[in-house]
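Remarks on the overall topology
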Amino acid sequence: MSESAWNQRHQPAIGLDVLRLPLLGRLMRGRYGRLMLQAPFTLVALALLIDGFWGPQAAARNLATVAPWVHLRGIVVLVLLLAGNLVCMGCPFTLPRTLAKGLSIKGRRFPQRLRNKWLAIFSLFALFFAYEYLDLWASPWLTAWLIVAYFAASFLLEAVFSESAFCKYVCPLGSFNMVYSTLSPTRIAVKSQDVCARCVGHECVNGSYAPEAVIRVDEIPLGAGDERRQNQVAHGPSGALGCGTELFAPRMRGNMDCTMCLDCVRACPHDNVSLFTRSAGAELSRADSWSRRWDMSLLVVALAFMGLSNAFGMAPPYYALQEGLALRLGITSEFVALLLIFALGNLLLPAVAVVASAWLGRRLTRFRLRDSLRDTVAAFAPAFVPVGFGIWFAHYSFHLFVGPGLIVPVIQEFVGGVGDWERWSFSLDTNLIGLIQLIVLIAGYLWSLRLAQKTALRLYRRKALLGLLPWALVFTLMMLAAWQIFTLPMEMRGTLALFG
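Throughout, a residue's number is its position along its own chain's written sequence, starting from 1. Note on the predicted model: pLDDT of at least 70 is required for a residue's local features to be given, and 80 or more for side-chain atom pairs to be given and counted; whole-chain, interface and lining totals, by contrast, use all residues. Only hydrogens and water are set aside; all other atoms, that is, all heavy atoms of the structure, feed into the side-chain values.

Right, let's talk about the pattern of salt bridges for a bit. Salt bridges, as used here, are contacts in which a Lys or Arg side-chain nitrogen is within 4 Å of a carboxyl oxygen on Asp or Glu. Per the stated rule, a full pass over the model turns up 14 salt bridges. Between K117 and D257 there is a salt bridge, and its shortest N-O distance comes to 2.5 Å. With K117 in the loop between α6 (97-103) and α7 (118-133) and D257 in the loop between β3 (228-235) and α13 (263-267), the pair connects residues that are 140 residues apart, well separated along the chain. An identical accessibility class is assigned to K117 and D257; each is buried. Residues R292 and D375 are paired through a salt bridge, measuring 3.8 Å at the closest nitrogen-oxygen approach. Of this pair, R292 sits in the loop between β4 (273-277) and α14 (294-312) while D375 sits in helix α17 (residues 373-380), and the two are 83 residues apart along the sequence. Partly exposed residues are those whose accessible area sits between 20% and 50% of the maximum for their type, while under 20% is buried and over 50% is exposed, using a 1.4 Å probe and protein chains only. For D375, a relative accessible area of 17% puts it in the buried group. Three or more residues joined by partner-sharing salt bridges are found here, namely D17, R20, R29, K191 and D271. Working definition: helices are DSSP H or I runs of at least four residues, strands are E runs of at least two. Numbering for both runs from the N terminus.

As a further point, take the pairing of strand β1 (residues 186-190). The buried fraction of β1 amounts to 5 of the 5 residues, a majority that puts the element mostly inside the structure. Every second residue of β1 is oriented toward a common face, with T186, I188 and V190 on one face and R187 and A189 on the other, all of them buried. A pair of strands is treated as paired once DSSP finds two or more bridges between them. Relative to β4, β1 is paired through 5 bridges, and the arrangement is antiparallel. Bridge pairing in β4 places A189 opposite S274.

Here the focus is the nonpolar core. Ranked by internal contacts, the top residues of the largest apolar core, which has 81 residues, are Y180, L303, F384 and M478. Think of a nonpolar core as a cluster: buried Ala, Val, Leu, Ile, Met, Phe, Trp, Tyr and Cys residues, connected wherever their side-chain atoms sit within 4.5 Å. L63, V70, C91 and F93 belong to the second largest nonpolar core, which has 25 residues in total.

Another point: helix α3 (residues 33-54). Working rule for helices: expected span equals 1.5 Å times residues minus one. Taking 1.5 Å per residue as the helical rise, α3 with its 22 residues ought to reach 32 Å, and the 33 Å between its terminal C-alpha atoms agrees with that figure. For α3, the full list of buried residues reads G33, R34, Q38, T42, A45, A47, L48, L49, D51 and G52. Residues of α3 that are buried sit in contact with α2 (24-29), α4 (63-82), α5 (86-89), α8 (140-160), α13 and α19 (407-414). Any two residues whose heavy atoms approach within 4.5 Å at even a single point are treated as in contact.

Residue position: T65 is located in helix α4. Whenever a nitrogen or oxygen atom comes within 3.5 Å of another N or O atom, the pair is scored as a polar contact, on the condition that within protein one atom can donate a hydrogen and the other can accept it, and that pairs from neighbouring residues in sequence are kept only if both atoms are in side chains. A polar contact is formed between the side chain of T65 and the backbone oxygen of N62, at a distance of 3.1 Å.

Our focus in this paragraph is the packing of aromatic side chains. Two aromatic rings from Phe, Tyr or Trp, using only the six-membered ring of Trp, form a pair when their centres are within 6.5 Å; if the ring planes differ by under 30 degrees the pair is stacked, by over 60 it is edge-to-face, and anything between is tilted. Under the defined criterion, the tally for this structure stands at 28 aromatic pairs. The rings of F128, F176, Y180, F389, W392, F393 and Y396 are connected pair by pair, giving a single aromatic cluster.

Time to look at α4. For an α-helix the count is 3.6 residues per turn, leaving residues at separations of three or four pointing the same way. Here the bend at each residue means the angle between axes fitted to two seven-residue stretches, the one ending at that residue and the one beginning there. The largest bend in α4 is about 45°, located at L72. Most of α4 sits inside the fold, with 14 of its 20 residues counted as buried. Looking at where α4 begins, the residue whose side-chain oxygen comes 2.8 Å from the main-chain nitrogen of A64 is N62. Looking one or two places after α4, you find G84, whose phi comes out positive at around 115°.

Right under this line is the structure:
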């Protein structure tokens, strides 16, 4: 298939070129554009480390707990929805990437068996388990060590492997951001497939670094005709890095695995790659959203269910369940009880739910012989993104809206002043918070139903309603469970000392 034919079939329409906007575009496209966003994030990370290790260990008065566990998470979901994966773009953990690449062993690739999302699923599970078991939200010291572990893991994997294995295969925060950035109204795309077809070096993915200066000449098409222009392409020691997650810009299907670092934009010698606006969630309704792999599908589905269990861990029924396990099964160890609850809720339940839905849908529609179970699950998996995002948004916005001003007195005390707790210890009206949560849950639920309906129509045609029913039931149960959890009293984590 030719590049242009592939583009017509797979590439969605692109909108406004964000990098052509005055000032903003110039800053983001510049050689140090990402550094300008990483620098303040790095200063914040250093402040969290200082306060986490040497500041007051009261969770409600320490930057290391208040900033990430109360404020940052709520801000992240808002940014993902409105602008895209700017959090990964400004990630401070990848700041030492250039130094690490200088140490990396050339040609060493991440092990083939690990180039999938199973590690990402495990790291997400491990992070949420550690958050609950170790009470990370209540321990500035442990949160600071978690930040240190992030810096160390990122640097080590960047130094050892040629690609950014930490971002693509390991990082739980990156996996969260990349899954839900598929809803965002921005994406990396190319302006002309013909230019990419004529490009020799594919610098967008390979970069333009070379130990010694090298100049290449590419003949680039000027338009629809046969006219060409010669474009000099310079490689050298100051060349730009290519895509760390090894995405080839003209064949990108969406935002999955894209950290929005813009290295592909800076490396392209023909000014053919940019950041464009698009319809929100455009890639989720396409048949080729992601690869038809179990790991990719279960990452998206498990993440949605993790939103339920993460919120459930703050509600009274969770503690009642722990007591029930102790009384009926004799499980008195908190570690074992929590591991059992999380394994069932975060891994087994989502796997059973999607496999059972796919099996039942194929059986009801009598399409068992056409599509495999794996392909059916992969087709419906993108529909879990909106309902999952709605659950996470409802949870994280609760923490943000309950204490939106608490970060101010914490910063005041961090810099040596007196915290004005009385002035900044306010909360949004609880009824308003509940209304926002309900609106977001319903919006995510309806969006997921719509995506599943489109998939059912594509797969089952006249029997689409029968094929949709199992998936609609799962989404409905998830939404109702989430709403039930959010109507219960929840722990005021990180703010207990102020509101308790």
